[in-house]
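Working through the structure, step by step
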Amino acid sequence: MATHDRYPLMFSPLDLGFTRLKNRVLMGSMHTGLEDIEGGFERMAAFFAERARGGVGMIITGGIAPNHEGGGGAKLSTPQEAAQHRIVTEAVHAADPDVKIVMQILHAGPLAGTPACVAPSAVRSRIGRFVPNELDADGIEKQLADFANCASLARAAGYDGVEIIGSAGYLLSTFLVEKTNTRTDEWGGSFENRMRFPVEVIRRARAAVGDDFILIFRIPAMDMLDGGMSGDEVIQLAKAVEAAGATIISTHFTWHEAQVPTIATMVPRAAFAEVTGRIRSHVTVPMITSNRINMPDVVEQVLAAGHADLVSMARPMLADADLVNKAYEGREDEINTCIACNQACLDHTFTGRLTSCLVNPRACNETLIVPQPTTRPRDLAVVGAGPAGLAFATEAAQRGHKVTLYDAAAEIGGQFNLARRVPGKEEFSETLRYFRRMIEKLGITLRLNTRVDADMLAAAGHDEVIVATGIRPRVPDVAGIDHPKAVGYIDAIMGRRDIGKRVAIMGAGGIGFDVATLITHAGPSAAMDIPTFCREWGVDFAGHPRGGVTGIAPQIEHAGREVTILQRRDGAPGRSLGKTTGWTHRLSLQRRGVKLLGGVTYLRIDDAGLHCLVNGEPRLFAVDTVIVCAGQEPERSLYDALIARGVPAQLVGGAQEAGELDAKRAIAEATALALAA
Ligand code: FAD
Ligand code: NAP
Ligand code: SF4
């Protein structure tokens, strides 16, 4: 059996009549930020070409605005701008002439971030910076003409197609719902009228590009808004878009301002695919599904269930450019899986930084991070198999160094072994599976259950020691910190100590929130069980009420603990959490009754509980357990001893700097160090 026979549907071509897609996997659109920087198109060309070589059938670029009012960044409205794109289309076609490259046209409407932004009505988005300018009849005509112009310029630039985004709270979608479209002319009122603009955009674009050009419409399949589109309206729109000339319909879920997580790691894999499947049964054009589909077996299951004709994998292509080839060759266990953390992709996009990937720092840096075989292979010891040690060891071994990796623990992973125990972070296990396989494949000598010291390393005679020994939990200087009620977060997560019914958590960083999630959790993890996810977030995939949201109060099974998260800093705890995922953690804990409190001074822990000053007022938290999540200090004792003995050593990861350390920084720094080794 050829290895790709495991995924017969994934690797079957799709005939579009005038052209053919070589398989059923596409790289979905992501804004990388490269569109907007000097030399960005060259970097984009390398980024996309690497994915084309990696086996994907079709690539969709990040969003490009059709005009200046449609977005603050890159736009395509002139032949001069089209010329810039040539380098991208040529690079992809040179990498593999069989791979299609499609440009996404994104008119952000009220989210365009410019005072010139436009919308059907002057309704400001909850997350928009400006009240949009209401389009008059001429304005609407101009927008339609600009879409058509942009599509035909994309064709001139060498693209195989365009995708027009009609969802997410961007211009087209704001025509579709009453909350943002209060017009009384032919572009507002009945649904027939409200869908007129998106349908007309497709019709004009088709007329502009001719019949032999891929035209994808990204439909708001479930907008997650109170009073959003009904299931019937979505189907009506899909049929109209098909009739207007779309080649493919791609389903998109949620508006940016909605309050249901749709791509975070707490969302079950392929949770939304059945919604695509329902729409698919009403149209004849191929349908694309997406969201949390990160491994080839999930792709195959979605296709086998008849939910879609094509599967979009966006972030998984940041994490591993070779994902599709690895599936084809039966090397699935070598896939560096996207863990849906959003930390280096979406969080970067929404804070104006270039996109990359936590598990793959080369993503979007292909021209800057160029691994080369070493010219002087050395014998390197790496101490600590947390994310930093693992990234260093694999990168250094790949370059030709002889690597021995030591860890005191019985398994690799360091703190990732704590993280993956938190409900909603199950995906973190995939990163460890990937590294386990790479250790084996690259012939790294792995010494687990081995706490090393300077004498042992000096005797082993390695050329250099990379010290990736991580952190020590900070022990705050509070009276009674050694009282039996006080428990460290490692013991709490590993279940080594009993946790009472009433709990105070000292420290409101990511770990404080994760510990609160873990100790309030009961029942199946929503990330692993679609019905639980639906109950917890008030979503109904099958019935598809308006917006897909039930309006019923979320039903959350929880452990019945009374938990308060405390921090010394003033203000609401949780500010340090990720830009695009922090709100989901805060909301989810609030729904479990967890209280958040800032402005706390810790006085002492005793038999009565935790004594504090809250905004200057004395207060006793009469709790059974105080879990200490007060940050970390670098664990450098080994490094200091090595230096004292004159053994060449370098620090990396938490051992170097524990403040604000996360796995993104640990992996990125370790990769950089290994490239220089
Ligand atoms: P560590 O992961 O601490 O690894 C150090 C390793 O060194 C350990 O395995 C230890 O056993 C070993 N070691 C130490 N001394 C010796 C010795 N003398 N001999 C042999 N071995 C030794 N980060 C994120 O980016 N996103 C998240 O969502 C996230 N969630 C988290 C959730 C929890 C509950 C926790 C605890 C952490 C989370 N983190 C998260 C943080 C992330 O895990 C750390 O930033 C990362 O693990 C640091 O990597 P490191 O390799 O520097 O150190
Ligand atoms: P952190 O984010 O630095 O938070 C530490 C908390 O302890 C803060 O609330 C801090 O707030 C408090 N603190 C600091 N010094 C203290 C002291 N001396 N006494 C009492 N309280 C003190 O660190 P963390 O929660 O330990 O997480 C470690 C790293 O892991 C973080 O940098 C984070 O990036 C990463 N992580 C990320 C995620 C994620 O979901 N992305 C999840 C978990 C962990 P006050 O000083 O105001 O009290
Ligand atoms: Fe996936 Fe996280 Fe990488 Fe983004 S940063 S692509 S979510 S692993």
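Everything numeric here is computed off the predicted structure, so don't read it as measured data.

1. Thoughts on the nonpolar core
With 151 residues, the main nonpolar core has Phe-197, Leu-237 and Phe-392 as its most contacted residues. There are two domains that each give this core at least three residues, and those are domain 1 (3-331) and domain 2 (379-473 + 633-676). By size, the runner-up hydrophobic cluster in this structure holds 23 residues, among which are Ala-508, Phe-513, Leu-589 and Ile-627.

2. What to know about the pairing of strand S9 (residues 214-222)
Within S9, 9 of the 9 residues are buried, leaving the element largely enclosed by the surrounding structure. Relative to S9, strand S8 (residues 161-165) runs parallel, the two being bridged by 5 bridges. Its bridge partner lying in S9, Ile-164 is registered against Phe-217. Pairing of S9 with strand S10 (residues 248-253) involves 6 bridges; the strand directions are parallel. Paired with Pro-220 across the two strands is His-252, which belongs to S10. In the classification by handedness, the crossover that spans S9, the intervening helix H7 (residues 231-244) and the parallel S10 is right-handed.

3. What to know about the domain arrangement of the protein chain
For an interface, size is often stated in terms of accessible area lost upon the parts coming together. The assigned domain composition of the protein chain is domain 1 (3-331), domain 2 (379-473 + 633-676) and domain 3 (486-522 + 558-630). Using only C-alpha atoms to locate each centre, domain 2 and domain 3 end up separated by 30 Å. Listed per partner, the contact involves 8 residues of domain 2 and 9 residues of domain 3. Between domain 2 and domain 3 the total buried area reaches about 840 Å² when both faces are included, carbon and sulfur atoms providing 77% of it. Taken together, the links from domain 2 to domain 3 amount to 1 salt bridge.

4. Comments concerning the site of ligand 1
Around ligand 1, the surrounding shell holds 34 residues, and the nearest of these are Gln-343, Asp-407, Lys-425, Gly-654 and Ala-663. Alone, ligand 1 offers 990 Å² of accessible surface; in the complex the protein occludes 91% of this. Elements supplying a minimum of two residues to the shell around ligand 1: helix H13 (387-398), helix H14 (416-419), helix H17 (489-494), helix H18 (510-520) and helix H22 (663-676). Residues of the shell around ligand 1, tallied by class, amount to 18 nonpolar, 10 polar and 6 charged. Here the shell around ligand 1 spans two domains, and each of domain 2 (379-473 + 633-676) and domain 3 (486-522 + 558-630) adds at least three residues to it.

5. Let's talk about the site of ligand 3
Near ligand 3, the surroundings consist of Arg-315, Leu-318, Cys-338, Ile-339, Ala-340, Cys-341, Asn-342, Ala-344, Cys-345, Cys-357 and Leu-358. The residue makeup of the shell around ligand 3, split by class, is 9 nonpolar, 1 polar and 1 charged.

6. A closer look at the pattern of salt bridges
All told, the structure shown has 41 salt bridges when counted by the stated rule. Of the charged contacts, one joins Arg-362 and Glu-50 as a salt bridge, the two residues approaching to 2.6 Å between their closest N and O atoms. Of this pair, Arg-362 sits in the loop between helix H12 (346-349) and strand S13 (379-383) while Glu-50 is found in helix H1 (residues 40-53), placing the two residues 312 residues apart along the sequence. We classify Arg-362 as buried; its relative accessible area is 19%. Connected via shared salt-bridge partners are Glu-329, Arg-331, Asp-333, Glu-334, Arg-437, Glu-440 and Lys-441.

7. A short note on the side chain of His-107
The residue His-107 is located in the loop between strand S5 (100-105) and strand S6 (118-119) in this model. Classification of His-107 as buried rests on a relative accessible area of 1%. A distance of 3.1 Å separates a polar side-chain atom of His-107 from the backbone nitrogen of Gly-109. When residues no more than four places from it in sequence are discounted, the contact partners of His-107 are Pro-66, Asn-67, Glu-69, Gly-70, Val-118, Gln-143, Phe-147, Tyr-170 and Leu-171.

8. Quick look at the sheet that holds S10
Pairing in this closed barrel of 8 strands is parallel, and the strands run S3-S4-S5-S8-S9-S10-S11-S12 around the ring. In this sheet, neighbouring strand axes are inclined to one another by 30° on average, regardless of whether the strands run parallel or antiparallel. Lying over the sheet, helix H6 (residues 196-209) contacts S8 and S9, oriented at roughly 170° with respect to S9.

9. Notes on H22
Counted at 1.5 Å a residue, the expected span for H22 with its 14 residues is 20 Å, and the 20 Å between its end C-alpha atoms agrees. Within the span of H22, buried status applies to Ala-663, Lys-664, Ala-666, Ile-667, Ala-670, Thr-671, Leu-673 and Ala-674.

10. Considerations on unusual backbone geometry
A positive phi angle, close to 50°, is found at Asn-449, a residue other than glycine. Tracing the backbone shows Asn-449 in the loop between strand S15 (445-447) and helix H16 (454-460). Its identity is not glycine, yet Glu-660 carries a phi of approximately 55°, on the positive side. You can see Glu-660 is positioned in the loop between strand S27 (649-651) and H22. Taking relative accessible area as the criterion, Glu-660 reaches 77% and is therefore assigned exposed.

11. Remarks on the packing of H1 against helix H2 (residues 79-95)
At their nearest, the axes of H1 and H2 sit 8 Å apart, and the two run at 20° to each other. Relative to H2, the element H1 lies roughly parallel. When the axes of H1 and H2 are compared, the crossing they make is right-handed. Here Phe-41, Glu-42, Met-44, Ala-45, Phe-48, Ala-49, Ala-52 and Arg-53 of H1 lie close against H2, whose contacting residues are Gln-84, His-85, Ile-87, Val-88, Ala-91, Val-92 and Ala-95. For the contact of H1 with H2, the per-class residue count stands at 11 nonpolar, 2 polar and 2 charged.

Definitions and cut-offs
Residues numbered from 1 in each chain as written. Chains lettered and ligands numbered in written order. Predicted model: local features only at pLDDT ≥ 70, side-chain atom pairs only at ≥ 80, totals over all residues. Heavy atoms only, no water. Core = buried A, V, L, I, M, F, W, Y, C linked by side-chain atoms within 4.5 Å. Buried < 20%, exposed > 50% of the residue type's maximum accessible area, 1.4 Å probe, protein only. Domains from an automatic or database assignment. Helix = DSSP H or I, 4+ residues; strand = E, 2+ residues; numbered from the N terminus. Pairing = 2+ DSSP bridges. Right-handed = clockwise from strand over helix to strand, strands pointing away. Contact = heavy atoms within 4.5 Å. Buried area = accessible area lost by both parts, 1.4 Å probe. Salt bridge = Lys/Arg side-chain N within 4 Å of Asp/Glu carboxyl O. Near = heavy atom within 4 Å. Areas by Shrake-Rupley, 256 points an atom, 1.4 Å probe, with all protein chains shown as cover. Nonpolar A, V, L, I, M, F, W, Y, C, P; charged D, E, K, R; others polar. Polar contact = N/O pair within 3.5 Å; in protein donor to acceptor, adjacent residues only side chain to side chain. Axes fitted to C-alpha atoms, helices over the stretch in contact; angles between N-to-C directions. Expected span 1.5 Å × (residues − 1). Parallel < 35°, antiparallel > 145°, perpendicular 65-115°, else oblique. Left-handed = near helix turned anticlockwise from the far one by under 90°.

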